[in-house]
Amino acid sequence: MGAYKYLEEFWRKKQSDVFRYLARLRTWEYRQLPAIHRCSRPTRPDKARKLGYKAKQGFIIYRVRIKRGDRKTQVAKGIVYGKPKHQGINKNKAKRNLKSVAEERVGRKISGLRVLNSYWVAQDAVHKWYEIVMVDPYHAVIRNDPRINWICKPKMKHRELR
């Protein structure tokens, strides 16, 4: 087995002592950082490579923090009008999953880059963290690579919003 297979196995067994210890350290570290920040390298290199990441110029990794749990209805001063059936505030379920919300937030914030893919890295009681693989469509290395230059086309702008 190669190194990536061992890494994959490690990330699969999340209940192991080593993983739980590392997860506790990671979540503490991530909590101190801003909600959207750039990573120097992927936390899960095996997963990033499966999703299209290459360790070369033009590929960038961003880490995003998303609030877990149900969505809350925005109501002014907590006053809801109408019938009791529609007066719920707290137990509303989101239509989209948190991963897609994370991709959208990064895509809006760093609009010059294109979102390629994303994967889960950590979670605690309040937050989930995702790493988003992003590509710079104006970089010469990306434009000249036939495997990835499809993302440079104008129709690929804001794929994450669709």
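S.K.: Even after reading the chapter, I still don't get the sheet that holds strand S3 (residues 114–123), so can you show me in this structure?
M.R.: The strands making up a sheet are joined through hydrogen bonds of the backbone, oriented either antiparallel or parallel. Spatial ordering of the open sheet is given by S1-S2-S4-S3, a layout of 4 strands whose pairing is antiparallel. With partners counted over all chains shown, the strands left at the sheet margins are strand S1 (36–39) and S3, one partner each. Strand-to-strand twist in this sheet, taken as the mean axis angle between neighbours without regard to direction, amounts to 30 degrees. When S1 meets strand S2 (residues 59–67), the two strands line up antiparallel, connected through 4 bridges. The residue of S2 that forms the bridge with Ile36 is Val64. Sheet strands touched by helix H2 (residues 17–32): S2, S3 and strand S4 (127–135). Its angle to S3, the strand with the most contacts, is close to 120 degrees.

S.K.: Whenever I open this one, the pattern of salt bridges confuses me. Can you help?
M.R.: Oppositely charged side chains may form a pair once their charged atoms are brought near each other. The full count for this structure, using the stated rule, is 11 salt bridges. Across the salt bridge formed by Glu104 and Arg108, the nearest N and O atoms sit 2.9 Å from each other. Placement of both Glu104 and Arg108 in helix H4 (residues 98–109) is noted, with a separation of 4 residues, approximately one turn of the helix. Classification of Glu104 by relative accessible area gives buried; the value is 16%. Bridged by salt links that share partners, the residues Lys5, Glu8, Glu9, Arg12, Lys13 and Lys50 form one connected network.

Conventions used here
- Residues numbered from 1 in each chain as written.
- Predicted model: local features only at pLDDT ≥ 70, side-chain atom pairs only at ≥ 80, totals over all residues.
- Heavy atoms only, no water.
- Pairing = 2+ DSSP bridges.
- Helix = DSSP H or I, 4+ residues; strand = E, 2+ residues; numbered from the N terminus.
- Axes fitted to C-alpha atoms, helices over the stretch in contact; angles between N-to-C directions.
- Contact = heavy atoms within 4.5 Å.
- Salt bridge = Lys/Arg side-chain N within 4 Å of Asp/Glu carboxyl O.
- Buried < 20%, exposed > 50% of the residue type's maximum accessible area, 1.4 Å probe, protein only.

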